[in-house]
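Spelled out, the chains give:
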Amino acid sequence: MGCVKMKTINKLNISGAMVYPLIEGGKGINGTDGKSSGAWAKEGGVGTISMVSPTEVSLEGTIIPEVFHEKIRAMRHREMVEYAIRGGISQAQIAHEISEGNGRIHINMLWEMADSEEVITRVLDGAKGLIHGVTCGAGLPYNLGKIASEHQVYYYPIISSARAMSILWKRSFKNYAEYLGGVVYEDPWLAGGHNGLSNAENPLQPERPYERLIALRQALKEIGLPELPIIIAGGVWSLSDWQDYIDNPELGNVAFQFGTRPMITKESPISDAWKMLMLRAKKGDVILQKFSPTGFFSSAIKNKFLGNLMRRKQAEINYSDTPTDEMTLLLPIAPHKAVYIRPEDKDKVEEQRRQGYSMIKETPDETLVFLTPNEWLEMQKERAECVGCLSQCQFSGWSRATGSTGKIPDPRTYCIHHTLMDIGHGGDIEDNLAFAGHNVYRFGQDPMYAHNHIPSVHELFKAILAGK
Ligand SMILES: Cc1cc2nc3c(=O)[nH]c(=O)nc-3n(C[C@H](O)[C@H](O)[C@H](O)COP(=O)(O)O)c2cc1C
Ligand code: SF4
C-alpha cells in the first residue's frame, strides 16, 4: 500500500501578486510589527503589521515610547492617534525594506478602535506603495472598502459567519468590489484575541469550520464572487490538518492565516517570557471569556490576570437600590450608600471580606463585585489615565462620539490599552492579559520547539510549506 502524498499549497493572487497563501495574522499591541511582517513577506507570504498602537521607530532606529502629556482625555486620545500614525508609517518602512520586495505587506486594524478610519487613511497616505492590503476585524467595517479603494490597496474583512459577509456586501462592499481582496473567516471558538461569536452562537458548543466555510463560499457565489479567496484563521497550525480543505472544489480558493504559531519565532516582537509561557501552555489553558471592555468575546491564557477576573465574576451577586420581595437585606457599600441584597448572599459577602476583597463596587447590570483596596486603587488610576483608545469602552464608560456611554464603568472588565501595551513591551506575563489561540498547547507537543527552540520565520515558513 502506498502512502498518500501531502497536498502542498499553491501560490495564489493576493493583493495583486502571486504569493504563497500563508498569512501572518496581525496582532496588537506589538504582537506583529515591521520586522515580523517583513520577514514573513520575504519568504513569499503575507506579513501583517498591527496598527493598534504600533511602535514608532526614528530614522536612526531608536524606539520612541508612547508617553502622554495632555491633561484632558480627548486630547490624550489625539496624542494616541498621532503616535499610531507615525508608528504605523515607520513600521511599514521597516517591513518594506526587510521584505526585499517579496510577498505582500498588509496592515491590520481593530475596527472598534476610536478613529480607526483616520489611522488607516493617514498610514496609507504616509506609506504609499509600501502596503498592499488592509485587514479589519472586531465590528463590521462598513467604510473599509471605500478607504482601501481610494488608496488602491486591497481590503479583507475579518468575519466569523457567512451572514456577516452578506451584510457587509449589501450595505457597502458591493460598491467597492474591485479592491475586495478576500475574506478572512476566523473561527470564533478557536482563534486567539477577540472572537466574533454572535448572540446566536454558544461559546460552549464549537461548530466545525467546514460547514461554516461552505456556507460562506455559497454566500460568495450568490453575490457573484465565486473565486474570492477565503482566508481560514483560528486553530491553524499545520497544513497536514487541513488536507480536506486544500484543492477542494466545494470550497474553492483558500489561504491560511496563522496567529498564535508565529508568536514563537525569533522575529516575533513579544518578550521571551511570553514566548516561554506559550511553550509551557497545556490543553485547556486558553479560556474563551467576555471580560474585554469592547464587549466582544476573547481568548487568552489563564494566568493570574485572567484568574482574578474569573474570581471576581464568580463572586458577583445581585442587588437592588430599593427593597423587593427577594432583596431584603440592607448592605452598606460606601460611606453614604447602601443597597439591598438577598439574605442568602450575606455569607458570600462575609467570605469575600475575610479574603481581603473589602471594596464593593456596582456594575451596570445591577450586580456587585468585590475588589481588594489595591485592585480598586489600580482601577481608578487606569481610568484616570484613559487615552480613549476604543470607540466605546465598558471599563471607563468613555465613548468617542459623545464622551460617555451613559453607563457606569464596569469593574468586571479592564483597561485593554494598558495591559496589552505592557505585555507587548516586556511587562509581567502573569499580571497582564496574554491573548492566545486555543491551539497554543501544540507548541509543547511539536518537535520543532523541543528544548525551547525558537525558530526563525524562515524555518517556520519552510516547515509550514512541508506540512509540519
Ligand atoms: C496575541 C494576539 C493578538 C491579536 N490581535 C489581533 C488584532 O489586533 N487584530 C486582529 O484582527 N486580530 C488579532 N488577533 C487574531 C490573529 O490575527 C489571528 O487571526 C488569530 O490569532 C488566528 O487564530 P490562531 O491564534 O488560532 O492562530 C490576535 C491574536 C493573538 C494571539
Ligand atoms: S479605559 Fe483603557 S481600554 Fe478603555 S478606552 Fe480608556 S484606554 Fe482604552
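Criteria and thresholds
Residues numbered from 1 in each chain as written. Chains lettered and ligands numbered in written order. Predicted model: local features only at pLDDT ≥ 70, side-chain atom pairs only at ≥ 80, totals over all residues. Helix = DSSP H or I, 4+ residues; strand = E, 2+ residues; numbered from the N terminus. Rg over C-alpha atoms; globule rule 2.2 N^0.38 Å. Buried ≥ 20, exposed ≤ 12 C-beta atoms within 10 Å, placed from the backbone. Contact = placed C-beta atoms within 7 Å. Pairing = 2+ DSSP bridges. Near = placed C-beta within 6 Å. Nonpolar A, V, L, I, M, F, W, Y, C, P; charged D, E, K, R; others polar. Arc of directions from axis to C-beta. Axes fitted to C-alpha atoms, helices over the stretch in contact; angles between N-to-C directions. Parallel < 35°, antiparallel > 145°, perpendicular 65-115°, else oblique. Left-handed = near helix turned anticlockwise from the far one by under 90°. Core = buried A, V, L, I, M, F, W, Y, C linked by C-beta atoms within 7 Å. Domains from an automatic or database assignment.

1. Some details on the overall build of the protein
Within the protein, the secondary structure is distributed over 12 helices and 20 strands. In terms of overall dimensions, the protein is globule-like: its C-alpha atoms have a radius of gyration of 23 Å, near the 23 Å expected for 468 residues. Dimensions of the protein, computed from C-alpha atoms along their principal axes, come out at roughly 70 × 60 × 50 Å. When burial is assessed residue by residue, the protein has 48% of its 468 residues classed as buried. For the protein, the share of sequence-separated contacts (at least 6 apart) that also reach a separation of at least 24 residues comes to 69%.

2. Looking at the sheet that holds strand β16 (residues 317–318)
Picture the strands of a sheet paired through backbone hydrogen bonds; they go either parallel or antiparallel. In space, the three strands of this open sheet follow the order β16-β20-β19, with antiparallel pairing throughout. A single partner strand is all that each edge strand has here, and the edge strands are β16 and β19 (359–362).

3. So, the pairing of strand β4 (residues 46–50)
Most of β4 sits out of view: five of its five residues are buried. Of the two faces of β4, the one lined by V46, T48 and S50 and the one lined by G47 and I49 are each fully buried. Relative to strand β7 (residues 104–110), β4 runs parallel, the two being bridged by five bridges. Counted as the bridge partner of G47 is I105 from β7.

4. Brief notes about the site of ligand 1
Taken together, 28 residues form the shell around ligand 1, and within it G25, G192, G193, G259 and G437 come nearest. Grouping the constituent residues of the shell around ligand 1 by class yields 10 nonpolar, 16 polar and two charged.

5. Digging into helix α7 (residues 272–280)
Turning to α7, its buried residues are W274, K275, L277 and M278. What you see down the axis of α7 is that its buried residues fit within an arc of 155°, all on one side.

6. Section: the site of ligand 2
The immediate surroundings of ligand 2 are formed by 14 residues, with C386, C389, C393, S396 and C415 found nearest. Among the residues making up the shell around ligand 2, the classes are represented as 10 nonpolar, four polar and no charged.

7. Let's talk about unusual backbone geometry
In this chain, G28 is followed by I29 through a cis amide linkage whose omega measures 0°. By secondary structure assignment, the location of I29 is in the loop between β3 (22–24) and α1 (34–42). Its identity as a non-glycine residue notwithstanding, S53 has a phi of 45°, on the positive side. In this structure, S53 sits in the loop between β4 and β5 (56–57). Judged by the 24 C-beta atoms lying within 10 Å of it, S53 falls in the buried class. A positive phi angle is found at E366, which is not glycine, with a value near 55°. Position of E366 relative to the elements: it lies in the loop between β19 and β20 (367–371).

8. Some remarks on the packing of helix α5 (residues 162–171) against helix α6 (residues 209–222)
One can describe the packing of α5 onto α6 by two numbers: an axis separation of 8 Å at closest approach and a directional angle of 20°. When the axes of α5 and α6 are compared, the pair comes out roughly parallel. The handedness of the crossing between α5 and α6 is right-handed. Across from A162, M165 and S166 in α5, the residues of α6 making contact are A215, L216, Q218 and A219. Considering only residue class, the contact of α5 with α6 consists of five nonpolar, two polar and no charged.

9. Things to note about the nonpolar core
Membership of the largest hydrophobic core comes to 114 residues, with the highest contact counts inside it found for V123, V134, Y185, I231 and A434. Broken down by element, this core gets its largest block of residues, 10 residues, from helix α2 (residues 73–99). Here this core spans two domains, and each of domain 1 (12–271 + 442–465) and domain 2 (304–424) adds at least three residues to it. Aside from chain neighbours lying at most four places away, what touches A434 is W274, L277, A300, I301, N303, I423 and I429. Judged by nonpolar contacts, the second largest core, of 11 residues, contains Y319, M327, I341 and V369.

10. What about the domain arrangement of the protein?
Assigned domains within the protein: domain 1 (12–271 + 442–465) and domain 2 (304–424). Taking only C-alpha atoms, the centre of domain 1 and the centre of domain 2 are 34 Å apart. For the side of domain 1 that touches domain 2, the residue count by class is seven nonpolar, five polar and four charged.

11. So, the environment of Q205
As for its position among the elements, Q205 is in the loop between β11 (193–195) and α6. Judged by the 7 C-beta atoms lying within 10 Å of it, Q205 falls in the exposed class. Residues Q205 and K361, 156 residues apart in the sequence, show an inter-C-alpha distance of 32 Å.

12. Description of the sheet that holds strand β14 (residues 286–289)
Spatially, β11-β15-β14 is the arrangement adopted by the three strands of the open sheet, whose pairing is antiparallel. Edge positions in the open sheet fall to β11 and β14, since each of these has one partner strand only. Across the sheet, the axes of successive neighbouring strands diverge by a mean angle of 25°, strand direction being ignored. Pairing of β11 with strand β15 (residues 297–301) involves three bridges; the strand directions are antiparallel. Bridged to N195 within β15 is F297.

13. Quick word on the environment of G31
Within the fold, G31 resides in the loop between β3 and α1. On the neighbour-count criterion, G31 (28 C-beta atoms within 10 Å) is buried. Here the alpha-carbon distance between G31 and P54, two residues 23 residues apart in the chain, equals 9.4 Å. Leave out the neighbours within four places in its chain, and G31 touches S50, M263, I270 and G424.

14. Side note on the packing of α2 against helix α3 (residues 116–126)
Relative orientation of the contacting elements α2 and α3 amounts to 40°, with a least axis distance of 9 Å. By the angle class used here, α2 and α3 are oblique. Read as a crossing pair, α2 and α3 show a hand that is right-handed. Here V81, A84, I85, G88, I89 and A92 of α2 lie close against α3, whose contacting residues are E118, V119, R122, V123 and G126. Residue composition of the contact of α2 with α3, by class: seven nonpolar, two polar and two charged.

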